[in-house]
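# Structural overview
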Amino acid sequence: MVLALWVGLSVVVMVLLGLFVFGLRRRLIQRSGGTFDCSLRWDVSEEPDSLGKGWVYGVARYSGDRVDWFRVFSYAPRPRRGLERSAIEVIARRMPEGEEELALLSDSVVLGCLHRGTRLELAMSEDALTGFLAWLEAAPPGQRVNVA
């Protein structure tokens, strides 16, 4: 009986500790400011996929001339992807279609991009999109920026 109680208590403590670390990590990512919720779909084919597969929920953070993207459900302290401003080319903008609406946050806008020859899609709110496009267009003189 005592062993079962200790095992149960240990499981509860481990779960609470795991949740605490998730929250602490997100807080540390957002501490420096310039963050926004952003789902990412990497290495997308040219045909639109309305099944909603491949989307990963995350948080993006502006960091100088790059955007660092972190998975939400991860313990990794480093960003999963880094997108340099000079290498991002916006090629399309659309609303989510079909089951994609269920995979993304409500009121998301999907932005199709090329980054160093890799097609990717970013899904973010309209406000975050406005800020992202303004950040892209605010590149220092001499940098090539392609915004469709």
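Above this text sits the structure in question.
What counts, and where the lines are drawn
- Residues numbered from 1 in each chain as written.
- Predicted model: local features only at pLDDT ≥ 70, side-chain atom pairs only at ≥ 80, totals over all residues.
- Heavy atoms only, no water.
- Helix = DSSP H or I, 4+ residues; strand = E, 2+ residues; numbered from the N terminus.
- Rg over C-alpha atoms; globule rule 2.2 N^0.38 Å.
- Buried < 20%, exposed > 50% of the residue type's maximum accessible area, 1.4 Å probe, protein only.
- Contact = heavy atoms within 4.5 Å.
- Patch = residues over 30% accessible without salt bridge, like charges linked within 9 Å, V, L, I, M, F, W, Y side chains within 5 Å.
- Areas by Shrake-Rupley, 256 points an atom, 1.4 Å probe, with all protein chains shown as cover.
- Salt bridge = Lys/Arg side-chain N within 4 Å of Asp/Glu carboxyl O.
- Pairing = 2+ DSSP bridges.
- Axes fitted to C-alpha atoms, helices over the stretch in contact; angles between N-to-C directions.

Time to look at the overall build of the protein chain. In terms of helices and strands, the protein chain carries three helices and eight strands. Start at the N end of the protein chain and walk to the C end: the helices and strands fall as α-β-β-β-β-β-β-α-β-β-α. By the compact-globule yardstick of 15 Å for 148 residues, the protein chain is too spread out, its C-alpha radius of gyration being 19 Å. Projected onto the principal axes, the alpha-carbon positions of the protein chain cover approximately 70 × 35 × 25 Å. Out of the 148 residues in the protein chain, the part that is buried amounts to 34%. For the protein chain, long-range pairs separated by at least 24 residues make up 53% of all intrachain contacts whose partners lie at least 6 apart in sequence.

What follows deals with a nonpolar patch on the surface. Together, Leu3, Val7, Val11, Val12, Val15, Leu16 and Leu19 line one region of the surface with nonpolar side chains, adding up to about 670 Å² of accessible area. As for its position among the elements, Val7 is in helix H1 (residues 2-31). Exposure remark for Val7: the relative accessible area of 46% places this residue in the partly exposed category.

Another point: the sheet that holds strand E5 (residues 81-84). Across the sheet, four strands lie side by side as E1-E3-E4-E5; this open sheet has antiparallel pairing. The sheet terminates laterally at strand E1 (35-37) and E5, the two strands that pair on one side only. Averaged over all pairs of adjacent strands, the angle between their axes in this sheet comes to 25°, without regard to strand direction. Relative to strand E4 (residues 66-71), strand E3 (residues 58-63) runs antiparallel, the two being bridged by six bridges. Opposite Gly58, over in E4, you have Arg71 as the bridge partner. Along the sheet, H1 makes contact with E1, E3 and E4, crossing E3 at roughly 30°. Running at roughly 35° to E3, helix H3 (residues 126-137) makes contact with E1, E3, E4 and E5 of the sheet.

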